[in-house]
Amino acid sequence: MTTTDQPKQKKVHIETWGCQMNVADSEKMLAMLKTENYQLCDTPEESDLVILNTCHIREKARHKVISRLGVLRELKEKNHNFQIAVTGCVAQAEGKQLIQDSERNIDVLLGPGKIDELPRLLKEKVISGKPQISIGFRRHEEQLEIIKEQASLAPTESLAGKNEVSRFVNIQQGCNNFCTFCVVPFTRGREVSEHPNQILDNIKNMIATGAKEITLLGQNVNSYGLDLVERGDITASSSGPFYDILSKSLQVDGLERLRFTTSNPHDFTEDLANLYRDNPKLGRYIHLPVQSGSDRILAEMKRKVTLEEYWQRIHWLRDAVPDMAISTDLIVGFPGETEEDFQATLDLVERVRYSFIFAFKYSSRKGTAAARFKNQVQDAEASSRLAKLNAIQNQITIEENEKECGLTREVLFLYESKKEPNVWYGRTPHFRLVRARSERQLAGVTAQVRILTANKTALEGELI
Ligand code: 5AD
Ligand code: SF4
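**Student:** Honestly, the sheet that holds strand 5 (residues 108-110) in this entry has me stumped. Any pointers?
**Tutor:** Hydrogen bonding along the main chain pairs the strands of a sheet, whether they run parallel or antiparallel. Taken together, the six strands give an open sheet; going across it, the order is 2-1-3-4-5-6, and neighbouring strands pair in parallel fashion. The open sheet has two edge strands with one neighbour each: strand 2 (38-40) and strand 6 (132-134). On average, each strand axis in the sheet is tilted by 20° relative to the strand beside it, whichever way the strands run. Of the pairings in the sheet, the one linking strand 3 (residues 49-54) to strand 4 (residues 83-88) comprises six bridges and is parallel in character. Pairing of Ile51 across the sheet is with Ala85, part of strand 4. Here helix 1 (residues 20-34) sits on the sheet and contacts strand 1 (10-16), strand 2, strand 3 and strand 4; the angle it forms with strand 3, its principal contact strand, is near 155°.

**Student:** Sorry, what's going on with the site of ligand 1 here?
**Tutor:** Within the structure, ligand 1 sits among Ile57, Arg58, Phe181, Gln291, Asp329, Ile331, Phe360, Lys361, Tyr362, Ser363 and Arg365. A distance of 2.6 Å is found between an oxygen atom of ligand 1 and a side-chain nitrogen or oxygen belonging to Asp329. Ser363 is positioned such that a nitrogen or oxygen atom in its backbone is 2.8 Å from a nitrogen atom of ligand 1. Residue assignment for the shell around ligand 1 shows that the elements contributing at least two residues are strand 13 (325-332) and strand 14 (356-361). Class assignment of the residues belonging to the shell around ligand 1 gives a composition of five nonpolar, two polar and four charged.

**Student:** I would appreciate a short explanation of the packing of aromatic side chains in the present structure.
**Tutor:** Describing an aromatic ring pair means giving the distance of the ring centres and the angle of the ring planes. This model, assessed by the stated rule, comprises ten aromatic pairs. When the centroid spacing of 6.2 Å and the interplanar angle of 55° are considered together, the rings of Phe260 and Tyr276 count as tilted. Remark: Tyr276 occurs in helix 11 (residues 270-278) and Phe260 occurs in strand 11 (residues 257-261); sequence separation between them is 16 residues. When its relative accessible area of 7% is taken as the criterion, Phe260 is described as buried. For the ring pair Tyr285 and Phe431, a centre distance of 4.6 Å and an interplane angle of 10° mean the geometry is stacked. Of the two residues, Tyr285 sits in strand 12 (residues 285-287) while Phe431 sits in the loop between strand 16 (423-427) and strand 17 (433-437), which places them 146 residues apart along the sequence. A relative accessible area of 10% places Tyr285 in the buried class. The cationic tip of Lys76 hangs over the ring face of Phe82; the distance from NZ or CZ to the ring centre is 5.7 Å. Over the ring of Phe431 we find Arg427; its NZ or CZ atom is 4.0 Å from the centre of that ring.

**Student:** So what exactly am I meant to see when it comes to the nonpolar core here?
**Tutor:** Within soluble globular proteins, side chains that are nonpolar generally end up buried alongside one another. In this structure, Ile214 and Leu216 are the most contacted members of the largest nonpolar core, which totals 58 residues. At seven residues, helix 13 (residues 307-320) tops the list of elements feeding residues into this core. In contact with Ile214, not counting residues within four places along its chain, are Arg167, Val169, Ile203, Met206, Ile207, Leu255, Arg257, Leu258 and Arg259. Judged by nonpolar contacts, the second largest core, of 17 residues, contains Val65, Leu69, Ala91 and Leu98.

**Student:** Would you take a moment to explain the environment of Glu460 for this structure?
**Tutor:** Positionally, Glu460 belongs in strand 19 (residues 459-463). In this structure Glu460 comes out as partly exposed when scored by relative accessible area, which is 27%. Glu460 sits 290 residues away from Asn170 along the chain, and the two C-alpha atoms are 32 Å apart. Sequence-distant contacts of Glu460, that is, excluding residues within four places in its chain, are made with Arg435, Arg450, Ile451, Leu452 and Thr453. At 3.1 Å, the side chain of Glu460 and the side chain of Arg435 are in polar contact.

Cut-off values and rules
Residues numbered from 1 in each chain as written. Chains lettered and ligands numbered in written order. Predicted model: local features only at pLDDT ≥ 70, side-chain atom pairs only at ≥ 80, totals over all residues. Heavy atoms only, no water. Pairing = 2+ DSSP bridges. Helix = DSSP H or I, 4+ residues; strand = E, 2+ residues; numbered from the N terminus. Axes fitted to C-alpha atoms, helices over the stretch in contact; angles between N-to-C directions. Contact = heavy atoms within 4.5 Å. Near = heavy atom within 4 Å. Polar contact = N/O pair within 3.5 Å; in protein donor to acceptor, adjacent residues only side chain to side chain. Nonpolar A, V, L, I, M, F, W, Y, C, P; charged D, E, K, R; others polar. Phe/Tyr/Trp six-rings, centres within 6.5 Å; stacked < 30°, edge-to-face > 60°. Buried < 20%, exposed > 50% of the residue type's maximum accessible area, 1.4 Å probe, protein only. Lys NZ or Arg CZ within 6 Å of the ring centre and 35° of its normal. Core = buried A, V, L, I, M, F, W, Y, C linked by side-chain atoms within 4.5 Å.

Listed below in structure tokens is the structure:
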């Protein structure tokens, strides 16, 4: 082949919104496109393809997509032509309507369960001139087959385009829980777990390209693998398949830290808590979403755990690791939430002393059970509760961070500040963000750091 026969080098720009699952999906799409001679680029202006990988968890997502598509259209008119693909949960939920509303400005529309079809549909669009859509879900076996076929396309390049130190590995798609507020089971379908061998290969690939920290991802990681056990594809120990994959991942050579998210308290076991005691690589931090401090609201949300059971999990964890840092997700203004229910949430936050929280104002999602509930809370009331909750937590976060001053912590450094040269950011085992100065390149380096000062978002320290 002469050089003129080489397929043209193309460029893709990817915008990823929402959860880490979307980051992992974006990286998967990038890996697929690389086999089609695409390279990642930073802006739509230089691209042949723009991917908007969207999130539908709360309202406004759709408006955001439409407004971004408007900006891209103007760019196309002024600048040059590029293809546009909309993927992720808004694509799944809005389907054809989105193509119509964007005045056919979308070339390919893909649900999260169909991203493997991206390269084929991009070509199909060029040939047929018609927008290509693939949404919905495959049967469990079919989806497993696709996951297997894609195993050789394990993402080796992170979205940042560098071999980043901290990478995500998807272990499970979908969710079977149907919490009454949540759109995820509708946009991402039922749970399908990846085979343990594939997960371990993915981790090894990422370590080989520079990763030191891996985060295993799923909507409900604690129920990982139950589908594979049921199908007879794998067997599990008495501690369950998630415990088993964590134990195996911990043994991968070169892995320094292993995290996982999201853990559902419902399936969280004492064995898992004890795994932290015996494995410093798991760190001393967990994200354990509770959503509300009121038993009545938890039941309305169909979270399947009582507050007493949630506390039991916290005790397991803090018995195993006394200074365990815990974060959570909370929703305020869920339909029917009274002042008393909200007060129960504030009490929980003050008692657990989370290291940080993600607090959200309830957002009604079409198709979910809670969207049909009566007595929706007034928006102004929900906003005021959100502000109050955040103010209380901010104070706790500051106090907990200030307790770090004077201590020496082992920090895994991740990246250099974009604005300040020689300023490096990393995390402690408790997942606290640390800033430190060094002339030496620190990305990927684990070092002892003495903590000097602290604020709400980060600790400032010096290398020892
Ligand atoms: N409204 C507000 N917050 C929501 N979340 C999920 N669905 C909704 C909704 N309809 C929050 C939950 C979840 C996090 C990812 O997003 O707290 O844990
Ligand atoms: Fe949504 Fe509940 Fe599943 Fe989490 S566990 S993704 S909140 S349905």
